[in-house]
Amino acid sequence: MKKIILAAAAALALSVPAVPSSLWAASEIKIPEEKWSFNGVLGKFDRAQVQRGYQVYKDVCAACHGLQYVAFRNLADLGYNEAQIKTLAAGYEVDDGPNEEGEMFKRKAKASDRLPKPFPNEQAARAANGGAFPPDLSLITKARAGGPDYIFHLMMGYEDPPADVQMMPGLNYNKYFPGHQIAMSKQISDGLVTYADGAPNDAASISKDVSAFLHWAAEPKLEARHSTGLRVLLYTLMFTIVAYLFKRRLWKNIPH
Amino acid sequence: MSTNTSTEKSAIRKAYEWHEARLPLVNWLDHNLGTKYPVPRNLNYWWNFGAIAMFMLGVMIASGVFLAMNYTPHVSLAFDSVERIMRDVNYGWLIRYMHANGASFFFIAIYIHILRGMYYGSYKPPREVLWWMGILIYLVMMATGFLGYVLPWGQMSFWGATVITNLFSAIPWVGESIVTLLWGGFSVDNPTLNRFFALHFLLPFVIVALVFLHIWALHVPGANNPLGIDAAPSDKIPFFPYFVVKDVFGLGVFILIYFAVVFYAPNMLGHPDNYIKANPLVTPAHIVPEWYYLPFYAILRAIPDKLLGVIAMFGSILIMFVLPWLDKHPVRSANFRPVFRVFFAIWVVNAVMLGWCGSQPAEGIALILSRIGAFWYFAHLIIVLPLLSWLETPKPLPVSISQSVLKAAE
């Protein structure tokens, strides 16, 4: 029995990286799996990668996509220090008020502010995007089957439509988008951004970096979850083994 | 103890006896879950799941209370308050993932517990009322799980609530009024969310009360056992310490798997669409309930007529109330009923297949299989079981548990 338990625990531990993010693979489009630093029992975000991903978000995605559940102070998770976060936040203006005169006013963003939204409301967003509404990205990797793998392949999945596909006006063909016709045009290309750390900036690397960043935005407690989980599982395993040994000894002389 | 003579009791002992004479709480526990509750010695590990289910009920109530402290039942704030729990509340992510996956593992434990009862004939005389209490618990669990899934106010919450509440509109005459009552208005909206939250908080305590009745009904005849024959007093050993320790070990194995999912695949059993805030104007491509309802959802959709589909779906659970009279074979344990055993296995596979059908769009092969599966679900219960009650010749039963146990030990 002990062997069975140990084998089961080992099998569980080993099978974790292969566990799908959701059993509901809603679309019939197969999404290839990528290697991510945050996969696996001890997986962590690669600080340099998520910082690069934030740069991509800030310089490219943020023009149309919000990140409403992320505050500037949360960027400390990515490895930025307090001063850097204050400087980053001060680059944005947010609405505040009313002040003592009863007037609304603009002020520089603080670390406690959420990242400002690109459009004041859905109607404004649609008006600026040919009727399409760019979704908020705070939870995007958890809200799509395939998670960060899907986001990565979506970024890279723009192709010329097959000859037999009749494209709707204003839409773009994408191999991985459900239905293949997506309002967003191809955004990421080789050399789109230049990284301060000199990391490769081909389209695939940029897509990978921004997908990793978005997974952090969706699941900011992932590292705490992984490290707490390992301790909880080890404790439970030891507890269970002790309980088994106790049970075996207690039942030794009881035919059953 | 030995240092205290009967004339020289410690102050604690005296206080304990004083209290016990007025409210015999410890004595009551000892009789019901302690040394004075005799249990057949031959129970196997399938008998662990009752205790495991009780533990999960405790986990759900404990984690649920803390979630309720941080949750806002309002259509424009519910989704945001869940995200606040996930991001800003200390260990909120852990409590929420424990609760969301805890529901799944509660159902896993309950399904194993139910199937164990069906395999070993635990519903047969004299345990019919015990079986009824179990079905009631399961029904309230299903209601509670459904109500809880609506609370995060994601897309699947909203559309699941819309689909399931709409089922009641199939009831002739009063259907529409019932739906209006469930909604608190003319669509799934803020009043719906408010009453669902109130009921989701209430029903677990109804389950606790039903668990009391379930255990009470268990202790009248005592536990069934893998041989399915009545246990003589000499076949029994006290619940404490023997089965308490065995249950603790089984629970350890179970929560090992539970924690592996909570910490390493917390969204595996959920639907990605529920991380999209509810939008009454956008219908998801494919509305599916939580996995534990899928076989019943498949039965619902297998039947083209809405009212008949609803009747079949609720009937598939309510029919379990008369299971003790559909299967009147005098032998309880399937171990001695080779034909029943095969049919039971087919029925379980059929139910799993129905679950798969429920997860697929209701078309093509999934629809055909769900019709065959729904037919067989009922045919097994209504036709096969009564026939086997008449026709099946069981294998010879052992004279007693002791005889069987001792023979196996040799």
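What you see is a predicted model; the values in this text were computed from it and never measured.

Participant: What exactly am I supposed to notice about the overall build of chain A here?
Facilitator: The secondary structure content of chain A amounts to seven helices and four strands. Going from N to C terminus, chain A has its helices and strands arranged as α-α-α-β-β-α-α-β-β-α-α. Here chain A has roughly 14000 Å² of accessible surface; of this, 57% comes from carbon and sulfur atoms.

Participant: Sorry, what's going on with the overall build of chain B here?
Facilitator: Within chain B, the secondary structure is distributed over 16 helices and two strands. The C-alpha radius of gyration of chain B comes to 24 Å, within 12% of the 22 Å expected for a compact globule of 410 residues. Taken across its 410 residues, chain B has 53% of its residues classed as buried. When contacts within chain B are restricted to residue pairs at least 6 apart in sequence, long-range pairs at least 24 apart make up 81% of them. With an accessible surface of roughly 19000 Å², chain B has 73% of that area assigned to carbon and sulfur atoms. Averaged over its 25 positive side-chain charges, chain B has a centre that lies 6 Å from the centre of its 20 negative ones.

Participant: Where do I start with the interface of chain A and chain B in this structure?
Facilitator: How big an interface is tends to be expressed through the accessible area that disappears when the partners come together. Each partner contributes residues to the interface: chain A has 48 residues there, and chain B has 47 residues. The contact between chain A and chain B buries some 4200 Å² in all, and 73% of this surface belongs to carbon and sulfur atoms. Residue Asp-88 of chain B pairs with Arg-73 of chain A through a salt bridge whose shortest N-O separation is 3.4 Å. The interface formed by chain A and chain B contains 13 residue pairs in polar contact (both at pLDDT 80 or more). Counting only elements with at least two residues in the side of chain A that touches chain B, the list comes to helix H1 (2–15), helix H6 (203–218) and helix H7 (222–250) of chain A. Looking at which element gives the most residues to the side of chain A that touches chain B, the answer is H7 of chain A, with 17 residues. Of the residues belonging to the side of chain A that touches chain B, the class tally is 31 nonpolar, 10 polar and seven charged.

Participant: Looking at this structure, I do not really get the packing of helix H3 (residues 49–70) of chain B against helix H5 (residues 92–119) of chain B. What am I missing?
Facilitator: What describes two packed helices is the angle between their axes and the distance between those same axes. Residues and elements named next belong to chain B. Two numbers describe how H3 lies on H5: the axes approach to 9 Å, and their chain directions differ by 155°. The angle between the axes of H3 and H5 places the two elements in the roughly antiparallel class. You can see that H3 and H5 cross each other, and the crossing is left-handed. Facing H3, whose interface residues are Phe-49, Gly-50, Ile-52, Ala-53, Met-56, Leu-57, Val-59, Met-60, Ser-63, Gly-64, Phe-66 and Leu-67, H5 presents Ile-95, Arg-96, Met-98, His-99, Gly-102, Ala-103, Phe-105, Phe-106, Ala-109, Ile-110, Ile-112 and His-113. Classifying every residue of the contact of H3 with H5 gives 17 nonpolar, six polar and one charged.

Participant: Where do I start with a nonpolar patch on the surface in this structure?
Facilitator: All names here are of chain B. A surface patch of nonpolar side chains, about 740 Å² in accessible area, is lined by Tyr-16, Leu-23, Leu-25, Val-26, Trp-28, Leu-29, Leu-33 and Phe-212. Along the polypeptide, Leu-29 turns up in helix H2 (residues 25–33). According to the relative accessible area criterion, Leu-29 is partly exposed, its value standing at 42%.

Participant: How do you make sense of the domain arrangement of chain B when you look at a structure like this?
Facilitator: All names here are of chain B. On domain assignment, one finds that chain B holds domain 1 (28–287) and domain 2 (301–410). At the junction of the two partners, domain 1 supplies 39 residues and domain 2 supplies 37 residues. For the domain 1 face of the interface with domain 2, the top three residues by lost area are Tyr-119, Lys-124 and Leu-227, together amounting to 22%. Where domain 1 meets domain 2, there are two salt bridges.

Participant: Got a minute to help me understand the nonpolar core in this structure?
Facilitator: What tends to happen in soluble globular proteins is that the nonpolar side chains get buried as a cluster. In this structure, Trp-153, Tyr-258, Met-320 and Leu-381 of chain B are the most contacted members of the largest nonpolar core, which totals 122 residues. For this core, the element with the most residues is helix H10 (residues 239–264) of chain B, which contributes 14 residues. Excluding anything up to four places from it in sequence, Met-320 of chain B contacts Met-118, Trp-131, Ile-135, Trp-347, Tyr-377 and Leu-381 of chain B. Ranked by size, the runner-up nonpolar core spans 46 residues in total, among them Ile-31, Cys-61, Leu-154 and Trp-216 of chain A.

Participant: Please clarify how helix H6 (residues 128–150) of chain B should be interpreted in this entry.
Facilitator: The α-helix winds at 3.6 residues per turn, so residues separated by three or four positions along the chain end up facing the same way. Spanning 23 residues, H6 of chain B covers 34 Å between terminal C-alpha atoms, matching the ideal 33 Å at 1.5 Å per step. With 17 of 23 residues buried, H6 of chain B lies mostly within the body of the structure.

Participant: So what exactly am I meant to see when it comes to the domain arrangement of chain A here?
Facilitator: Residue and element names in this part refer to chain A. For chain A, the assigned domains read domain 1 (2–15 + 23–70 + 115–220) and domain 2 (222–256). Averaged C-alpha coordinates put domain 1 and domain 2 at centres separated by 39 Å. On the side of domain 2, nine residues touch domain 1, which itself brings 15 residues to the contact. Of the roughly 1100 Å² buried between domain 1 and domain 2 on both sides combined, carbon and sulfur atoms contribute 65%. Applying the counting criterion to the domain 1 and domain 2 interface returns two salt bridges. In this structure, the salt-bridge partner of Glu-219 is Arg-225, at a minimum N-O distance of 3.0 Å. At four residues, H1 tops the list of elements feeding residues into the side of domain 1 that touches domain 2. Across the side of domain 1 that touches domain 2, the residue classes tally to eight nonpolar, three polar and four charged.

Participant: What exactly am I supposed to notice about unusual backbone geometry here?
Facilitator: Peptide bonds are mostly trans, and most non-glycine residues show a negative phi. Residues and elements named next belong to chain B. Residues Pro-125 and Pro-126 are joined by a peptide bond in cis, for which omega reads 5°. Structurally, the position occupied by Pro-126 is in the loop between H5 and H6. Its identity as a non-glycine residue notwithstanding, Trp-153 has a phi of 60°, on the positive side. Here Trp-153 is to be found in the loop between H6 and helix H7 (155–167).

Participant: Even after reading the chapter, I still don't get H6 of chain A, so can you show me in this structure?
Facilitator: With 16 residues, H6 of chain A extends 22 Å between its outermost C-alpha atoms, agreeing within 8% with the 22 Å of an ideal straight helix rising 1.5 Å per residue. Counting buried positions along H6 of chain A yields 15 of 16 residues, so the element is predominantly enclosed.

Participant: Just checking my understanding: could you explain the packing of H5 of chain B against H6 of chain B for this structure?
Facilitator: Residue and element names in this part refer to chain B. Across the interface, H5 lies against H6 with an axial gap of 12 Å and an inter-helix angle of 155°. Regarding the angle of H5 to H6, the classification is roughly antiparallel. The interaxial crossing formed by H5 with H6 has left-handed handedness. When H5 is examined against H6, the residues Phe-106, Phe-107, Ile-110, Tyr-111, Ile-114 and Met-118 are found in contact with a partner set consisting of Trp-131, Tyr-138, Met-141 and Met-142.

Participant: Quick question: what am I supposed to make of the confidence of the model for chain B here?
Facilitator: Keep in mind that low pLDDT regions are not for reading the predicted coordinates in detail. Across chain B, the average pLDDT comes to 95, with 98% of residues at or above 70. At the level of chain-chain contacts, confidence expressed as ipTM amounts to 0.92, with global pTM at 0.94.

Participant: What is the right way to look at the packing of aromatic side chains in this model?
Facilitator: Describing an aromatic ring pair means giving the distance of the ring centres and the angle of the ring planes. Overall, the coordinates contain 48 aromatic pairs over all chains when judged by the stated rule. An angle of 45° between the planes, with centres 6.4 Å apart, marks the rings of Tyr-69 of chain A and Phe-79 of chain B as tilted. Taken together, the residues Tyr-69 of chain A in the loop between helix H2 (47–59) and helix H3 (82–90) and Phe-79 of chain B in helix H4 (residues 78–87) connect one chain to another. By relative accessible area, which is 7% here, Tyr-69 of chain A ends up buried. By relative accessible area, Phe-79 of chain B is classed as buried at 6%. Arranged with centres 6.1 Å apart and planes meeting at 70°, the rings of Phe-107 of chain B and Tyr-293 of chain B form a pair that is edge-to-face. Residue Phe-107 of chain B is located in helix H5, and its partner Tyr-293 of chain B is located in the loop between H10 and helix H11 (294–302); the two are separated by 186 residues in the primary sequence.

Thresholds applied
- Residues numbered from 1 in each chain as written.
- Chains lettered and ligands numbered in written order.
- Predicted model: local features only at pLDDT ≥ 70, side-chain atom pairs only at ≥ 80, totals over all residues.
- Heavy atoms only, no water.
- Helix = DSSP H or I, 4+ residues; strand = E, 2+ residues; numbered from the N terminus.
- Areas by Shrake-Rupley, 256 points an atom, 1.4 Å probe, with all protein chains shown as cover.
- Rg over C-alpha atoms; globule rule 2.2 N^0.38 Å.
- Buried < 20%, exposed > 50% of the residue type's maximum accessible area, 1.4 Å probe, protein only.
- Contact = heavy atoms within 4.5 Å.
- Lys, Arg positive; Asp, Glu negative; His and termini not counted.
- Charge placed at Lys NZ, Arg CZ, Asp CG, Glu CD.
- Buried area = accessible area lost by both parts, 1.4 Å probe.
- Salt bridge = Lys/Arg side-chain N within 4 Å of Asp/Glu carboxyl O.
- Polar contact = N/O pair within 3.5 Å; in protein donor to acceptor, adjacent residues only side chain to side chain.
- Nonpolar A, V, L, I, M, F, W, Y, C, P; charged D, E, K, R; others polar.
- Axes fitted to C-alpha atoms, helices over the stretch in contact; angles between N-to-C directions.
- Parallel < 35°, antiparallel > 145°, perpendicular 65-115°, else oblique.
- Left-handed = near helix turned anticlockwise from the far one by under 90°.
- Patch = residues over 30% accessible without salt bridge, like charges linked within 9 Å, V, L, I, M, F, W, Y side chains within 5 Å.
- Domains from an automatic or database assignment.
- Core = buried A, V, L, I, M, F, W, Y, C linked by side-chain atoms within 4.5 Å.
- Expected span 1.5 Å × (residues − 1).
- pLDDT = per-residue confidence, 0-100.
- Phe/Tyr/Trp six-rings, centres within 6.5 Å; stacked < 30°, edge-to-face > 60°.

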